[in-house]
Amino acid sequence: MDTVTTLPTTLRRPPARRHALLAPLLTLARRRFQLAARTPRELVVPLLTPILFALVIAPSLKKALHTDASYESFVAVGTLGLLIPLNTMFAGIGVISDRQNGAQRELLAAPIPRGLLVLGNLLVALAVTGLQVAALIGFAVARRIHFHPTAAGVAWFLAAALLFAIAMYGAAETLAARVSGQEEYIGRVPAIAIVPWFLAGSLFPITALPVGLAWITRFLPLTHGLALLRYGLLGDSSGLHDIWRMTSPTAMAGLSLAVVAAFAAILTTVSIRVFSRSARL
Amino acid sequence: MRLRHRETTVAPAAIEVRGLRKTYPGDVEAVAAIDFDVAPGEVFGLLGPNGAGKSTTVGMLTTMVVPTGGTARIAGFDVATEPLAARSVSSVVFQDAVVDRALTGRRNLEIHARLWGIDPAAARDRTDEYVETLGLAVLIDRPVGSYSGGERRRLEIARALVSAPQVLFLDEPTVGLDPRIRHELLDVIAGLRDRSELTILVTTHYLDEAERLCDRIAIIRSGQIVALDTPAALLAGLGPELVEVRVNGKTGAALAALRSHGVAGEDAFTVGSTITVPLHRRTAAETVAAVDELRLAAVVTTRPPTLDDVYLQLTGDPLADAA
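Let us look at the domain arrangement of chain B. All names here are of chain B. As assigned here, chain B comprises domain 1 (15–233) and domain 2 (237–322). Taking only C-alpha atoms into account, the centre of domain 1 sits 36 Å from that of domain 2. Counting residues at the interface gives 11 residues for domain 1, matched by 6 residues for domain 2. Elements that contribute at least two residues to the side of domain 1 that touches domain 2 include exactly helix 7 (207–213), strand 10 (216–221) and strand 11 (224–229). Of the residues forming the side of domain 1 that touches domain 2, the biggest block, 3 residues, is contributed by helix 7. Looking at side-chain class alone, the side of domain 1 that touches domain 2 contains 8 nonpolar, 1 polar and 2 charged residues.

Turning next to the environment of Leu-122 of chain A. Residues and elements named next belong to chain A. If you trace the backbone, Leu-122 turns up in helix 5 (residues 115–142). Linking Leu-122 and Met-168, residues 46 residues apart in sequence, is a C-alpha distance of 10 Å. Beyond its immediate chain neighbours, meaning those up to four positions away, Leu-122 contacts Ile-166 and Tyr-169.

Here the focus is the nonpolar core. Among the nonpolar cores identified, the biggest contains 166 residues, and Ala-167 of chain A together with Ala-158 of chain B are the most heavily contacted of them. It is helix 6 (residues 151–178) of chain A that contributes the most residues to this core, 16 residues altogether. Not counting chain neighbours up to four residues away, the residues in contact with Ala-167 of chain A comprise Pro-221, Val-260, Phe-263, Ala-264 and Leu-267 of chain A.

Okay, the environment of Ala-76 of chain A next. Following the sequence through the fold, Ala-76 of chain A ends up in helix 3 (residues 69–101). For the pair formed by Ala-76 of chain A and Val-141 of chain A, sequence separation is 65 residues and the distance between their alpha carbons is 9.8 Å.

A word on the sheet that holds strand 5 (residues 69–74) of chain B. Residue and element names in this part refer to chain B. As summarised here, the arrangement of the 4 strands in space is 3-2-5-6, forming an open sheet in which the pairing is antiparallel. Strands at the two margins of the open sheet, each flanked by one partner only, are strand 3 (28–38) and strand 6 (77–78). When strand 2 (residues 15–24) meets strand 5, the two strands line up antiparallel, connected through 5 bridges. Of the residues in strand 5, the one forming a bridge with Arg-18 is Thr-71.

With that settled, consider the sheet that holds strand 8 (residues 167–171) of chain B. All names here are of chain B. Pairing in this open sheet of 6 strands is mixed, and the strands run 7-8-9-4-10-11 from one edge to the other. At either margin of the open sheet sits one strand with a lone partner, and together these are strand 7 (90–93) and strand 11. Taking each pair of neighbouring strands and ignoring which way they run, the sheet shows an average axis angle of 15 degrees. Bridge count between strand 10 and strand 11: 5 bridges; the pairing is antiparallel. Across the sheet, Arg-221 pairs through a bridge with Gln-224, a residue of strand 11. Relative to strand 8, helix 1 (residues 54–61) is tilted by about 150 degrees, and along the sheet it contacts strand 4 (43–47), strand 8, strand 9 (199–204) and strand 10. Helix 5 (residues 149–162) rests against strand 7 and strand 8 of the sheet, and its axis sits at about 175 degrees to strand 7.

Turning to the confidence of the model for chain B, a few remarks are in order. Residues and elements named next belong to chain B. The predicted model of chain B has a mean per-residue pLDDT of 86, with 93% of residues at 70 or higher. Contacts from residues 318–323, a stretch scored under 50 in pLDDT, to residues over four places away or in other chains number 7 contacts. Scoring the predicted complex yields pTM 0.84 and, for the interface, ipTM 0.83.

The subject of this paragraph is the pairing of strand 7 of chain B. Two faces make up the sheet, and in a regular strand the side chains alternate between them. Residue and element names in this part refer to chain B. In strand 7, alternate side chains face the same way, and those of Ser-90 and Val-92 on one face and Ser-91 and Val-93 on the other are all buried. For strand 7 and strand 8, the ladder comprises 4 bridges, and the chain directions are parallel. Paired with Ser-90 across the strands is Val-167, a residue of strand 8.

Parameters and conventions
- Residues numbered from 1 in each chain as written.
- Chains lettered and ligands numbered in written order.
- Predicted model: local features only at pLDDT ≥ 70, side-chain atom pairs only at ≥ 80, totals over all residues.
- Domains from an automatic or database assignment.
- Contact = placed C-beta atoms within 7 Å.
- Helix = DSSP H or I, 4+ residues; strand = E, 2+ residues; numbered from the N terminus.
- Nonpolar A, V, L, I, M, F, W, Y, C, P; charged D, E, K, R; others polar.
- Core = buried A, V, L, I, M, F, W, Y, C linked by C-beta atoms within 7 Å.
- Buried ≥ 20, exposed ≤ 12 C-beta atoms within 10 Å, placed from the backbone.
- Pairing = 2+ DSSP bridges.
- Axes fitted to C-alpha atoms, helices over the stretch in contact; angles between N-to-C directions.
- pLDDT = per-residue confidence, 0-100.

Below, the structure written as structure tokens:
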């Protein structure tokens, strides 16, 4: 049955154009990728330091400390804990460039939820991070550094790397929205991307730290992420045990993955809120 | 049960602003409860000095700035409660360059069309049309970073039109351009007036632009609209002729003397060391003679009024105000 009503405003409004969110999301991601591809800094610079660590410093440390080959593998995975934050933080610089010299205001005037801009950038940061992780592992394998992946291990590794990258990109996007320029942003990158790396079990187990500091590192997403990456690629659950003191590697991995996932969800939500608010004066 | 709305055919104002207000932290009132309507197809100018509230007003209408109070509707859509719908029927050409310089002009247009949900075939047709109309054919496949200021501005106008907006916001579109490019761009914008379905709100502080382009003009000062009418009606308010009196001493005291002797009315105004006296009842000769008698002036001239005079009268001279 049709019921006919008359609008009280007696104004005939034109239909607003509505379209699905996936198409604009892919448009935003493609645009961001095209811009990143024209900025080699965003692609190459984050890779340099981790490769230096994995291929030069780790073998040198092994030789100087008279450790065995597993230490090279330990550090090679540890350098992923530097690569992922560095890459995502460098992606944040692109957001500031977009705001200061690019088309961000045009995108903000588009009839799409503003959170899509953050998600489009995130997709590209994840894709670039994935390529760089693959490149680092490829270089490490070529350098005869050994990994011991299983199907389940690869799944843990991918899930941990993905969620950790999402969490770090959330931090990058939030910082980019809150600072006024690139200088201020770059000045804060070491505190977010590099200091935690020294504490989170990258070069040595967290149990080697003073007890109080070791407890603090258990609250860092990177500590959980690195323990999961090593569990996935090396089958080494000692990092998980150092955090949780439990006997079941799967249970510990599940808990650490939940921690990283919670950081990813919270930081992404915060980044979308902060960006959307910063976009409206 | 299916609900169907029976609507009348009364078209809403393309832009409807009621009591729109913006107060920034620190109690800085950028826009103070302004009201205006812009009819579909109208070219509406928002004029005012720097800091008058023009860009904040456009910011609120384009959902970039959150209003502190009042309402604004774009093609019937409330900018506060229906921002996506309001954005879907409008486009903006910003005051400064807002483009992806590393991408080609064509790619910039494509991105706009996709984000506005335009059918790809229609987007291609419109791109071809505006690229041709705006003289971008030889540039469109080059990175925008290689464009001159005027070329980039034409590209931004083409981009704004690709989504076939009902309302186009031009925020000081010619600022920073050299005179030749500025006049070329004015031709382009004047050409848009022929598209009767397109409503344009343009902000500027160039009076000749406003006079040439706009059907109606609102002059905004300190966040308030101090005049709103057609250019001809605004000009008529100043009478048929003006006397300009350049004084040697303080303009404030000289203006007071002219007023006290009945030579100048309340609508006389000062700019720097010049007092401008609109003539309503006296003739120019009578007024010049009266000024000479008072021995206030170094130079006295007469001329017809321009829109500049309307603007200067309404936006005031801060130095004279202070005096």
